[in-house]
Each structure stands twice: as structure tokens, then as C-alpha cells.
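What follows is the residue order along each chain.
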Amino acid sequence: MVPLSWYLILSAILFSIGAFAFLLKRNIITIFMAIELMLNGVNLSFVAFASHWHKLSGHVFVFFVMVVAAAEAAVGLAIIIAVFRSRETLNVDRVNLLKL
Amino acid sequence: MVHQALFIFFGIICVAGAINLLLQRHPINSALSLVVVMGALALIYLLLGAEFVAAIQVIVYAGAIMVLFVFVIMLLNAGAEERSKGSHVALVLGGPGVAIVAGLLTWVMVHSNPQLGSVAIGPSDFGETHAIARLLFRDFLLPFEVTSVLILIAIMGAVVLGRKEN
Amino acid sequence: MTTFIVLAVVKIALVIFLLLTGVAYMTWLERKVVGHIQNRWGPTRVGPFGLLQPLADGVKFILKEDIVPDSVHKGLYILAPALALTMSLISIAVIPFGESISVHGTSTPLQITGVNPSGGGHPLDINIGLLIILGVTSIGVYGVALAGWSSNSKYSLLGSLRASAQMISYELALGLSLVGVLLLSGTLSLREIVDSQSGNWILGGHNTHIPHWFIIPQIVAFFIYLMAAFAETNRIPFDLPEAETELVAGYHTEYSSMKFAMFFMAEYVNMITVGCIATLLFFGGWHGPKLPFLPELLQSLLPVVWFSLKIFCFMFLYIWIRGTLPRFRYDQLMAFGWKFLLPLAIANIIVTSLIVAVWG
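Calculation notes
Residues numbered from 1 in each chain as written. Chains lettered and ligands numbered in written order. Predicted model: local features only at pLDDT ≥ 70, side-chain atom pairs only at ≥ 80, totals over all residues. Helix = DSSP H or I, 4+ residues; strand = E, 2+ residues; numbered from the N terminus. Rg over C-alpha atoms; globule rule 2.2 N^0.38 Å. Buried ≥ 20, exposed ≤ 12 C-beta atoms within 10 Å, placed from the backbone. Contact = placed C-beta atoms within 7 Å. Domains from an automatic or database assignment.

Colleague: How do you make sense of the overall build of chain C when you look at a structure like this?
Modeller: Secondary structure assignment for chain C yields 10 helices and four strands. Starting at the N terminus and walking to the C terminus, you meet the elements of chain C as α-α-α-β-β-α-α-α-β-β-α-α-α-α. On C-alpha atoms alone, chain C measures out to a radius of gyration of 21 Å, which is about the 21 Å that the 2.2 N^0.38 rule sets for 360 residues. Each principal axis of the C-alpha atoms in chain C carries an extent, and together these give about 65 × 50 × 45 Å. Taken over 360 residues, chain C has a buried fraction of 42%. Put simply, of all contacts in chain C between residues at least 6 apart along the chain, 72% involve residues at least 24 apart.

Shown next as C-alpha cells:
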């Protein structure tokens with residue numbers, strides 16, 4: 001059998017790689033994907049704890065996290081498209097003036 | 001024994017995909033490596049007996065949200081390379097910071113060692129779809145309804161934001 | 001443990017061989033039937049009735065020159081058809097073809113992912129078989145999207161965007177139309193859904209001799225499923241993304257020989273999968289008249305024969321509709337999926353759940 005700590009360590013590694021990518025990358029879409037990676041890491045620890053304590057509330061919470069992530073991705077990508085239409089760039093370092 | 005081998009195999013695929021997301025220049029490659037991470041995570045959920053969550057991870061996350069990302073990357077024709085100026089500070093401060101946080105979490109977790117279960121074919125007593133449905137539609141009914149309103153708001157927001165200004 | 005692995009490998013090899021042969025002969029059937037609908041013969045030269053035509057086509061595909069244009073993204077260009085074909089073949093793994101078959105004392109269910117419990121008895125199945133098929137269909141969209149984008153050409157990109165937008169729009173109607181059947185059977189496992197269709201309908205104590213198939217209460221859902229499945233597999237009347245008169249050839253414009261053949265095969269395997277799901281969920285799967293005068297081995301293979309006959313009817317329906325109907329325009333297609341099929345599927349769920357709640 002697999003110890004609980006292994007699952008939590010994998011979750012921590014995924015979360016920290018996601019956080020690092022969020023800080024490091026300059027393309028706005030890649031930053032969004034790093035946010036999704038962090039959410040996935042958190043989902044993994046929810047499911048691991050649900051299995052540890054034999055309570056299904058963990059699975060239900062993962063369901064809600066996925067739904068919220070979907071809503072966030074939809075609205076965020078719509079914002080990105082709107083910004084791209086006016087600024088013509090996807091690099092976050094270039095979107096640094098309130099008015100062009 | 002087989003569980004540990006499978007977990008290590010899928011865990012390595014997850015971490016490799018995540019590091020590939022970090023290292024790739026073109027966003028389409030990052031998106032596809034994120035799809036690989038999500039697929040491997042779905043298989044790890046199966047190892048934990050969470051069959052319904054694994055199925056909706058593939059259907060919703062890898063099969064719908066990431067398709068949305070890939071569409072946007074294809075439509076905007078997101079540039080091939082990205083510059084790294086301005087991210088040197090992030091590299092210098094962020095790298096060690098994140099490594100410290102990850103190491104701290106790992107060290108704390110290694111000091112507790114309960115063992116975990118596995119998935120079953122056929123009737124099982126954990127992770128079944130009926131049980132999740134029972135929880136979702138009785139105990140968690142209010143969050144479920146609020147979530148559906150949230151999705152409706154997100155749809156309206158995405159349509160309004162994505163419209164062309166005439 | 002080793003018997004399990006050996007049996008699984010044998011089943012996988014057998015199913016893939018039969019499936020790919022079926023795909024090859026489906027192309028033959030399509031050309032013959034569409035030919036006869038259009039008042040011509042179809043293939044007649046190669047072998048009697050043109051039966052060796054798929055063999056000639058296979059040899060042609062293998063021997064053709066494999067042209068890879070210069071400006072494509074090589075990795076994704078090669079990945080896309082492989083992904084499409086792989087996902088099509090994976091969904092066959094959870095489909096049950098019949099009950100168990102026993103040879104020399106070892107028995108195994110006629111399903112790649114089924115096991116016989118060690119104490120004997122009913123074969124066990126994956127609890128979420130239907131969700132696995134829906135998930136794999138969702139991943140198949142990547143094959144189409146990446147094919148068009150990696151080809152680095154206008155026609156391919158537009159064709160693949162249209163095709164993938166069509167596929168993800170109709171996935172909703174597809175999934176929702178199956179919820180009615182799930183309400184009636186109470187389980188996501190394909191084998192248990194077929195088991196809940198055994199016997200006859202009992203109406204007020206009388207045994208009507210109509211089989212307990214879900215097509216009768218769920219006729220609306222069946223038509224929604226059929227139309228959504230036609231759109232998912234990009235067949236006429238929904239095949240705008242790959243029609244020859246539109247956008248050259250859509251997302252597989254820049255593909256030649258074996259990679260094109262892989263897209264082709266993926267489309268036909270998807271058609272077979274759709275036929276399998278419709279049979280399992282609406283037409284009672286492998287249930288059919290029993291012939292007790294046959295020897296034991298053939299009796300356990302008889303359900304497979306009934307299953308194949310039902311799938312053959314679906315393939316014939318696909319080909320018949322191809323020869324008969326014109327194709328939808330793209331805006332008509334999207335409006336049909338979002339504004340007609342989706343509300344109709346939701347209405348079907350509401351009515352079915354009310355009936356199940358009130359009348360048990």
C-alpha cells in the first residue's frame with residue numbers, strides 16, 4: 001500500500017512547480033495554465049485525505065473545485081482575448097500602461 | 001507493491017509534465033504537457049479509489065477546460081517565443097523561495113505514515129457514484145445550486161467580454 | 001494473475017484484429033451501398049463483388065509516398081493522427097460483447113476490462129464504463145484540433161476549428177441524452193445497464209412479449225443520441241468540416257498515406273463505438289432469442305452474433321443516411337446542436353425523472 005505522505009508530497013511538488021511557473025513565465029496563457037496546475041495539486045490532496053479518512057466530502061469538494069476552475073478559465077480566457085484585441089501582445093511585461 | 005510501483009510511475013509522469021510546462025517556450029507545448037499531467041492525475045485518483053472523480057477529471061478538466069486553452073492558443077496564434085527580461089527577479093527570488101516551501105512541506109509530511117487503499121472493480125464501499133450523488137444532492141445541495149448560478153454568470157461574462165466592439 | 005494477463009492479451013489482440021477487419025470491410029460496404037443508392041455498382045473489379053477492395057486500399061495506403069510538408073510542427077503533426085486512432089481504440093476496451101465464455105475450465109467475460117469474481121457468478125465490470133467512453137471521446141477532440149493547427153495552413157486551421165467546435169458542442173447533447181437511460185437503469189456500468197434490460201415489459205401484471213429494452217421509454221433520447229453521434233463522428237449530414245467541396249479537405253488536407261489512413265480508421269472505429277453504445281443502452285445489448293440446440297461453446301458465442309447484427313444495422317443506417325441526405329451549413333449545424341438538441345435533451349431528463357419519481 002502507498003503511504004499517505006507520498007500523495008501529499010506529490011501534491012506539494014505539483015503546487016510548488018505551479019507557483020514557480022506562475023512567477024517565472026511571461027505569457028499570460030501560460031500563467032493561467034500554472035494556476036490550473038496549482039488547483040490540480042490541491043485536488044490531489046483533497047482526494048488523498050478523503051481516501052485516508054473514508055469520507056466522500058473530499059470528492060464532492062474536488063467536484064466543486066473543478067467547476068469553479070472551469071468558470072474561472074472561461075472568464076479569464078475571455079479577458080485575455082479582450083486584452084489581446086486592444087494591446088496586440090500576450091506578454092505581461094508589455095501590458096503595463098492603463099491607457100495605450 | 002504493485003500500488004507503489006504504479007504510484008511512482010504516474011507520479012514521475014506528473015512531475016515531468018509539470019517541469020515540461022515550466023521549461024517550454026511555446027504555450028501549445030505547455031498546454032499539452034498540462035493535459036498529460038491531468039491524465040496522470042486521473043490515474044492516481046483511480047489508485048485512491050476515487051473512480052468518479054477520475055472520470056470527471058478526464059471529461060471536464062482534460063477534455064473541456066484544456067481544449068478551451070488549446071483553442072485560445074490556436075486562435076490568438078500566441079507567439080512562439082517569450083522574452084525573459086523582467087523575470088530575472090522572479091527567477092532569483094522565486095526559485096529558492098518555492099524550493100524552500102516545497103522542502104518544508106515534504107519534511108513535515110514524511111513524519112506521518114498512514115497507508116492508503118486502492119480501487120476495486122465491481123461493487124466497492126468507497127468512491128461509488130451513488131454515494132457521491134447522495135452527498136451532492138442532500139448535504140451539499142446549496143453549494144451545488146450556487147455553483148450552477150456561478151456557471152451561468154461565467155457564461156454571460158465570457159460572452160460579453162468576448163464580443164467585438166462595433 | 002498470469003492467467004489474467006494472458007487472457008487479457010489474447011482478448012485485446014482478437015478484438016483489435018476483428019475491429020480493424022470490420023473497419024476495412026465497412027469501407028467496402030459503404031462504397032457498395034452508396035453506389036447502389038446512386039444507381040451504380042460500386043467496386044466490382046478486385047475479387048468477387050469487389051470483396052478484396054479493402055486489401056487493395058490497404059496496400060495502396062502503405063505504399064504511397066509519405067509527404068511531410070516543410071513548415072509543419074513535426075511533433076504535433078505526427079501526434080495528432082496517432083492520438084485520434086488511439087482514443088478510438090481505447091473506448092472499445094470497456095464494451096461488453098456478451099456473457100462469459102469458458103474454454104477447458106477457464107472462463108472469462110467477453111469484455112476486455114471484465115473479470116469473473118473468484119467465487120464464480122456474474123462477471124464484474126468497471127463501475128464507470130459509460131463515463132470512460134465519454135471521457136475518451138472528449139480527448140479525441142485534441143486529435144482534430146492539433147491536426148489542423150500543426151499543418152500550418154489556412155484551410156486546415158479553419159477546418160479543424162470548425163470540426164472541433166462541432167464536436168465539443170454535440171458532446172453535451174450526447175451526454176445528456178444518455179442520462180435518461182441512466183435514470184432508468186440506476187448504474188453507469190455497461191454490463192449492468194444491459195442486465196437491467198433483460199426480460200419483458202410487465203404492464204399491469206400482464207407479460208407483454210415486448211423485450212424490456214430502453215428504446216421504448218426513451219425514444220426521444222435515442223433520436224437525440226443518434227443525431228449527436230452523427231455530429232460527433234463528422235458524418236453526413238454533419239460532415240461540413242471534411243467535405244471535399246468545402247475547405248479542400250478540412251483538417252486532414254496536408255496528410256497523406258498512412259497518417260491519412262489513421263484519421264480514416266479513427267472515424268470508422270468511432271462509428272462502431274457509437275453503434276455499440278446505442279445497442280448496449282437502447283437495444284438490450286446482446287440479448288436475443290436463445291437457440292438451445294447448439295453446442296455449449298457456440299451457445300456462449302451466440303450473444304456476440306446478436307450484438308454484431310445490431311451493430312451492423314447501425315452501420316447500415318449510417319451509410320444509408322450518407323447516401324440520402326444533403327449536408328448542413330455550419331451555422332445551421334451549430335444552431336441545431338445548441339438551440340434544439342440541448343433543450344430537448346434537458347426536457348427529456350426532466351420528464352424521465354418525474355416519471356421515475358412518481359411511478360417508481
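Colleague: Just checking my understanding: could you explain the domain arrangement of chain B for this structure?
Modeller: Interface size is commonly expressed as the accessible surface area that is lost when the partners come together. By domain assignment, chain B separates into domain 1 (1–80) and domain 2 (128–166). Put simply, the middle of domain 1 of chain B and the middle of domain 2 of chain B, counted by C-alpha atoms, are 23 Å apart.

Colleague: Could you clarify how one ought to interpret the arrangement of the chains in this entry?
Modeller: Ranking the two pairs of chains in contact by contact count places chains A and B at the top. With respect to C-alpha atoms, chain A approaches chain C no nearer than 15 Å, and the pair has no contact.

Colleague: Even after reading the chapter, I still don't get the interface of chain A and chain B, so can you show me in this structure?
Modeller: Taken together, the contacts link 60 residues of chain A with 75 residues of chain B. Among the secondary structure elements, those contributing two or more residues to the side of chain A that touches chain B are β1 (2–3), α1 (4–24), α2 (28–53) and α3 (57–87) of chain A. At 22 residues, α3 of chain A tops the list of elements feeding residues into the side of chain A that touches chain B.

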